[in-house]
Amino acid sequence: MSNLVTIKRKINNFNKVINVSGDKSISIRWVLFSSLAKGNSKAKNLLMSEDVLAAITAVKKLGIKVHVSRNECVVYGKGFDGYNYKKNLTINAENSGTLGRLILGLLINTSNPIKLIGDKSLSKRDFSRISKPLSKFGAKFILRKSKSLPLVILGSSNLKPFKYFENRGSAQCKSSVIFGGMRTNGTTVIKAKKSRNHTELLCRHLKLPIIVKNKKNYDEILIKKVNEIKPLNYKIPGDISSSAFFIVLTALLTDSKLIIKDVNINPSRIGIIIILKKMGVNFIFKNKRIYKGEKIADIKIKSPKTLKAINCPTKLNSGAIDEFLIIFLVAAKAKGISYFKNLDELNQKESPRLEWGKYILNQMGVKSITTKSSIKIYGNPKLNINKQIIIKNYLKDHRVFMTSVIAALSFGGKWKIHDKDSIKTSFPNFLKIINSLKDSD
Ligand code: S3P
């Protein structure tokens, strides 16, 4: 099948109920925590994407049996010190920054060097942000001058706790150091800028010796050595980052309604909802509940009459960090100039996303002004595209692909979007759900 998607027509209005696939951050964390548990852990609705399959392959290489079937995934954990692997091990994190960074925290006590590699996109990303703090425990790293993969981790049997200031708002760095602290005698202390807190919630659910003190602008996390983790049965909720594409599609249409069932609405992840509310989009959360510490709800959304520009408060950045490309499309249709700032981290993702945001807007005929860390978008409520747009060579960043599809369906034009396979990393069902929105009721 061709890897090129051509879209020539806007989508018609719809009134639908959909489900999105399991949350990627929680799926990867579930695989890692379960690989440390004593006994069998089962997951339902685990995201079956390449990033999660890479996590499964990684723990298998560490000697942990995993069985994947259509409805369920089982990890046969052998306990907190149950990893057992051959010398000269190489782990391939493929496209996943989350896997690559988190797993290093679990390997800081390895007695054999382990090599970490990734695909072309991951091999361009900064790993010194994680080798630096993990070195403070006593692990050593052989890292290229460019601070990127491949790297080799040399563990230590004499780990020391330390105090870590996480000031990027990176949940990957925070979580990796939490994992490192779980392997280390004494108390590791993290003072972390706010970011997604799935790791902390799982620690609390598993009753691990980890204390989180939520302060106004940061969290203080105290971690003691873990001896045992109980099996973790989990039904993974829908991913808000995957939902984001359908939320924005509904927001950009004139008369559509959508319900997305069973979505994780963890307050550290719903930046997109808060931002779009400020831009004039109405949301209703229905069936709200708490599951193992995570908030879940059905999200109900209706196309707004008008969209307002936003001067986006930077405190919302971390909760929307994966959603900015798609939020930029809303700004493209909003009345006025929207401004998003302090977004240096966006260029640290699977592709330099601030640059790709500018590129896509430019192709759409929308004026924007960018700096290294900010973008001003000159919205046009009457935006309608009539030209041909080609999107390619974007390091197969799944979110560039999906954002382009939503832009094509919302604003028109003739789009040729390459590398459809990019969606396999996070959301293999994406185009299937798009097609289901096209079906008449
Ligand atoms: C993630 C954290 C974020 C996010 C990524 C998933 C996680 O990265 O962009 O998609 O699961 O911890 P950073 O920690 O680099 O901000």
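Residues numbered from 1 in each chain as written. Predicted model: local features only at pLDDT ≥ 70, side-chain atom pairs only at ≥ 80, totals over all residues.

**Examining the site of the ligand**
Lining the immediate surroundings of the ligand are Ser25, Gly97, Thr98, Ser170, Ala171, Gln172, Ser175, Arg196, Ile321, Asp322 and Glu345. Taken together, the elements giving at least two residues each to the shell around the ligand come down to α3 (97-106) and α5 (171-182). Per-element accounting of the shell around the ligand gives the leading share, 3 residues, to α5. Here the residues of the shell around the ligand sort into 2 nonpolar, 6 polar and 3 charged. Residues from two domains meet in the shell around the ligand; each of domain 1 (5-21 + 237-438) and domain 2 (24-235) gives at least three. (Near = placed C-beta within 6 Å. Helix = DSSP H or I, 4+ residues; strand = E, 2+ residues; numbered from the N terminus. Nonpolar A, V, L, I, M, F, W, Y, C, P; charged D, E, K, R; others polar. Domains from an automatic or database assignment.)

**Some remarks on the environment of Ile337**
Examined against the element boundaries, Ile337 turns out to sit in strand β18 (residues 337-340). In this structure the C-alpha to C-alpha distance between Ile337 and Lys367, which are 30 residues apart in sequence, comes to 9.7 Å. Ile337 has contacts with Ala309, Lys376, Ile377, Tyr378 and Gly379, leaving out every residue within four places of it along the chain. (Contact = placed C-beta atoms within 7 Å.)

**Remarks on the domain arrangement of the protein**
Accessible area lost upon the coming together of the parts serves often as the stated size of an interface. Along its sequence, the protein is organised into domain 1 (5-21 + 237-438) and domain 2 (24-235). The interface of domain 1 with domain 2 comprises 24 residues on the first partner and 22 residues on the second. Here the side of domain 1 that touches domain 2 is built from residues that sort into 3 nonpolar, 12 polar and 9 charged.

**Here we look at the sheet that holds strand β13 (residues 218-223)**
Whether parallel or antiparallel, the strands of a sheet pair through hydrogen bonds between backbone atoms. Strand order in the open sheet made by the 4 strands is β10-β11-β13-β12, with mixed pairing throughout. At either margin of the open sheet sits one strand with a lone partner, and together these are β10 (163-166) and β12 (210-214). Across this sheet, the average inter-strand angle for adjacent strands is 15 degrees, counted without regard to direction. Direction of pairing for β10 relative to strand β11 (residues 188-193): parallel, over a ladder of 4 bridges. (Pairing = 2+ DSSP bridges. Axes fitted to C-alpha atoms, helices over the stretch in contact; angles between N-to-C directions.)

**Considerations on the packing of helix α1 (residues 24-36) against helix α6 (residues 198-205)**
The contact between α1 and α6 brings their axes to 10 Å, and the two run at 45 degrees. The angle between α1 and α6 places the two elements in the oblique class. With respect to the hand of their crossing, α1 and α6 are arranged in right-handed fashion. In this structure, α1 uses Ser25, Ile26, Arg29 and Phe33 to contact α6, whose residues at the interface are His198, Thr199 and Leu202. Across the contact of α1 with α6, the residue classes break down as 3 nonpolar, 3 polar and 1 charged. (Parallel < 35°, antiparallel > 145°, perpendicular 65-115°, else oblique. Left-handed = near helix turned anticlockwise from the far one by under 90°.)

**What about the nonpolar core?**
Grouped together as the largest cluster of nonpolar side chains are 74 residues, with contacts concentrated most on Val248, Val330 and Ile406. Discounting residues that sit within four places of it in the chain, Ile406 has contacts with Phe245, Val248, Leu249, Ile326 and Leu329. Grouped together as the second largest cluster of nonpolar side chains are 62 residues, Ala43, Leu46, Ala58 and Val75 included. (Core = buried A, V, L, I, M, F, W, Y, C linked by C-beta atoms within 7 Å. Buried ≥ 20, exposed ≤ 12 C-beta atoms within 10 Å, placed from the backbone.)

**Topic: the sheet that holds strand β19 (residues 368-370)**
With antiparallel pairing, 3 strands are arranged side by side in an open sheet as β18-β20-β19. Each edge of the open sheet carries a strand with a single partner, namely β18 and β19. Averaged over all pairs of adjacent strands, the angle between their axes in this sheet comes to 10 degrees, without regard to strand direction. Bridging between β19 and strand β20 (residues 375-378) involves 3 bridges; their strand directions are antiparallel. Note that in β20 the partner of Ile369 across the bridge is Lys376. Lying on the sheet, helix α10 (residues 353-363) is in contact with β19 and β20; it crosses β19 at an angle near 160 degrees.

**Quick word on helix α12 (residues 430-438)**
Turning to α12, its buried residues number three or more, namely Phe430, Ile434 and Leu437. Down the axis of α12, the buried side of the element spans an arc of 55 degrees, and every buried residue falls inside it. Within α12, the exposed residues directed more than 90 degrees away from the buried face are Lys432 and Asn435. Where α12 is buried, its residues touch β2 (15-19) and α11 (398-411). (Arc of directions from axis to C-beta.)

**Some thoughts on the pairing of strand β6 (residues 89-92)**
Bridge count between β6 and strand β7 (residues 114-117): 4 bridges; the pairing is parallel. Counterpart to Asn92 in the pairing with β7 is Ile117. Between the parallel elements β6 and β7, the chain passes through α3 in a crossover that is right-handed. (Right-handed = clockwise from strand over helix to strand, strands pointing away.)

**Overview of unusual backbone geometry**
Look at the link from Leu149 to Pro150: it is a cis peptide, with omega at 0 degrees. Structurally, Pro150 is set in the loop between β8 (140-142) and β9 (151-154). The backbone of Asp262 shows a phi angle near 55 degrees, a positive value even though the residue is not glycine. One non-glycine residue, Asn287, lies in positive phi territory at about 55 degrees. Its location among the elements puts Asn287 in strand β16 (residues 283-291).

**As for the environment of Gln388**
Turning to its location among the elements, Gln388 is positioned in strand β21 (residues 388-391). Separated by 24 residues in sequence, Gln388 and Met364 place their C-alpha atoms 9.4 Å apart.

**Comments concerning the environment of Ala334**
In this structure, Ala334 sits in the loop between α9 (324-333) and β18. A residue is classified by how many C-beta atoms lie within 10 Å of it, and Ala334, with 23 of them, is buried. Spatially, the C-alpha atom of Ala334 lies 37 Å from that of Arg101, the residues being 233 residues apart in sequence. Those residues in contact with Ala334 that lie beyond four places of it in its chain are Met279, Leu307, Lys308, Ala309 and Gly379.

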